[in-house]
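Summary of structural features
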Amino acid sequence: MVQVSKESTVLLAGATVLILFQLVQFIRRGRRVQTAISNVPGPKPASFWTGNYTLLHDAEKGWAFFNDMFSYGNLCRITTPFGCNDMLHLADPLALRHMFRKNDYSFDDPPEVYITLQMVLGNRGLGSTIGPLHKKQRRLLNPVFGSAHLRNMTPILFNVTRMLRETFLELCGEGTAEIDMVHWSSRTALEIIGQSALGHSFDPLTKDSVPTGYGAILKSGFAALSTPTSRLGMKYLLPLFASMATPRFNNWLLRHMPTEAGQRVNNFCETMDGMSREIYAGKKKLFLQDPEQLEKGRDAMSILVRENMRSTDEDHMDEEEIISHITSIVFGGTDTTSSALLRTMWLLAEHPEDQERLRQEIQAAKVECKGEISYDQLLSLPFLDAVYRESIRLYPPVPYQDRMAVKDIMLPLGNPIKGRDGQEIKEIFVPSGTVVAISIVGTNRNTEIWGADALEWNPKRWLGELPTSVKDSGVPGAYSSLMTFLDGRRTCLGMRYVQAEMKALLFDLVGAIRFSPAPDHAKISWPMGIVVSPSVDGKMAMPLCISRA
């Protein structure tokens, strides 16, 4: 019989007590969140094991669940997998203002967002960095997407949009042709990013050219990341095994993921990384051979390299960081732009009177500026601006984004709700660790802010003074009282770029081509996803008919 010394017994007992204490503390911290938000009402759990979390990401049921949540008001609770803390779903303007304007540093992206973006964008990409490094990167990248550089970049945008316009005119000839707008928008968004941001051409956008596989891989990657199973794994399993401090292990984990979605994401990440390295190597070789090209370059990458060469040692970026930025620019600016363009073309096809009014404004502007419109003239066209704003208001490409409280905070509610106990809730205590799903689309469609027609397409609302309810709402959005580009220190860096890109596309396409519904128009649906894209019979597609205007 093994004899156990008194000292060993004491040590074992002490270790057991310590482990139990840490376990209790862990449970208490977790239950602290659950207890604090338990009185907030919300839809009943669809499943004992997964709660309602999977419905939030369900392609088919997601929008119905979205409507169900708003029957509880601008704040509700989303039940999560068994043993996990529930989440909050928020669209209250006052609470959002306190989050983004008054307590911006009290909230951050949840851990799984950083880990996933680190896998996708590389270790040094803007979306996967935090703290001083993130501040430094935004400071260096801000000028690249500022108005001064966009003015010089406008001719590059129009170079791409005219390529697409000429191809469409060739396709329709003197009659009408049916096209899949998803096919062309994906190719165009990638080519615009390529030429204007990277100084690189991916696709000539001609009728007979074979498109690069990057666009398809991007969409496949986004689709794989959007499934309920993937989102469950990323949110609740990934942080258990991976962290931002273990990038090599994270990549190993992704490479050995035993699921089809995991392998699609891995293929997406490897392809993006290889593409970024190839582009950077080409640019570096060109600049070494002809340094004048660096000074002449108007694309974002030339500007970034130029600014980096002039920066101090403290701000200087190494090659890995620049490569990560290339991946970030392509990742962040391709699928979202494609989604916004698709939705706008779909809306204009459904509202021919608005399409015709826009066309008349564009054609008049072409005559006035003799065919060459400047950046400032493009942005000043009133109805083009109205169409753009209304499209991203009613149908933001990204419907919601998660934020996590990093310290305890009390959020006031502009629109009090009734708790599960029947009492009115005027403010909500949000403990550290609570995840809040920011309802971008819900805030943008709030009838108390935008009026009774908030759920309707009405670009004319932007032509006059906005209702006082919009100004008085206090919505903290960085652009036009909208949450489309969020707000605060993580406002979308490419906000002005997207505006110029979208307006250039609409200017060239609608000015020369008439878009109308195809025979299968009624079959087009817009499934819930990280980025919302159209679908026909379960396949990503959007048929449209085109003819000369």
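Scroll up a little and you will see the structure.
The notes below deal with the structure included here. Only a predicted model underlies this, so the values are computations on that prediction, with no experimental measurement involved.

In spatial order, the strands read S1-S2-S8-S5-S3; together these 5 strands make up an open sheet with mixed pairing. In this open sheet, the two edge strands, each paired with only one partner strand, are strand S1 (75-78) and strand S3 (107-108). Packed on one face of the sheet, helix H4 (residues 93-102) meets strand S2 (87-90), S3, strand S5 (400-405) and strand S8 (435-439) and runs near 115° to S8.

A separate point is helix H9 (residues 214-226). Over its 13 residues, H9 extends 18 Å from the first C-alpha to the last, a length consistent with the 18 Å expected when each residue adds 1.5 Å. Buried within H9 are the following residues: Tyr214, Gly215, Leu218, Lys219, Gly221, Phe222, Ala224, Leu225 and Ser226.

Moving on, we get to the nonpolar core. Within the largest apolar cluster, 146 residues are counted, with the highest numbers of intra-cluster contacts made by Met99, Phe168, Met181, Leu198, Met345, Leu411 and Met542. Among the elements that make up this core, the one with the highest residue count is helix H23 (residues 495-512) (12 residues). In contact with Met345, other than residues within four places in its own chain, are Met181, Leu506, Val510, Phe515, Met542 and Leu544. The next biggest cluster of nonpolar side chains, apart from the first, holds 14 residues, and it includes Leu55, Leu56, Met87 and Tyr400.

Turning our eyes to something else, we now look at the packing of helix H8 (residues 181-198) against helix H15 (residues 319-333). Two elements in contact, H8 and H15, have axes separated by 10 Å at closest approach and are oriented at 145°. Crossing geometry of H8 relative to H15 is assigned as right-handed. On H15, the residues touching Leu190, Ile193, Ala197 and Leu198 of H8 are Ile326, Ile329, Val330 and Gly333.

Moving on to the side chain of Ser185. For Ser185, the location among the structural elements is in helix H8. When its relative accessible area of 1% is taken as the criterion, Ser185 is described as buried. At a separation of 2.9 Å, a polar atom in the side chain of Ser185 contacts the side chain of Ser338. In contact with Ser185, not counting residues within four places along its chain, are Ser338, Leu341 and Leu342.

How each quantity is defined
Residues numbered from 1 in each chain as written. Predicted model: local features only at pLDDT ≥ 70, side-chain atom pairs only at ≥ 80, totals over all residues. Heavy atoms only, no water. Pairing = 2+ DSSP bridges. Helix = DSSP H or I, 4+ residues; strand = E, 2+ residues; numbered from the N terminus. Contact = heavy atoms within 4.5 Å. Axes fitted to C-alpha atoms, helices over the stretch in contact; angles between N-to-C directions. Expected span 1.5 Å × (residues − 1). Buried < 20%, exposed > 50% of the residue type's maximum accessible area, 1.4 Å probe, protein only. Core = buried A, V, L, I, M, F, W, Y, C linked by side-chain atoms within 4.5 Å. Left-handed = near helix turned anticlockwise from the far one by under 90°. Polar contact = N/O pair within 3.5 Å; in protein donor to acceptor, adjacent residues only side chain to side chain.

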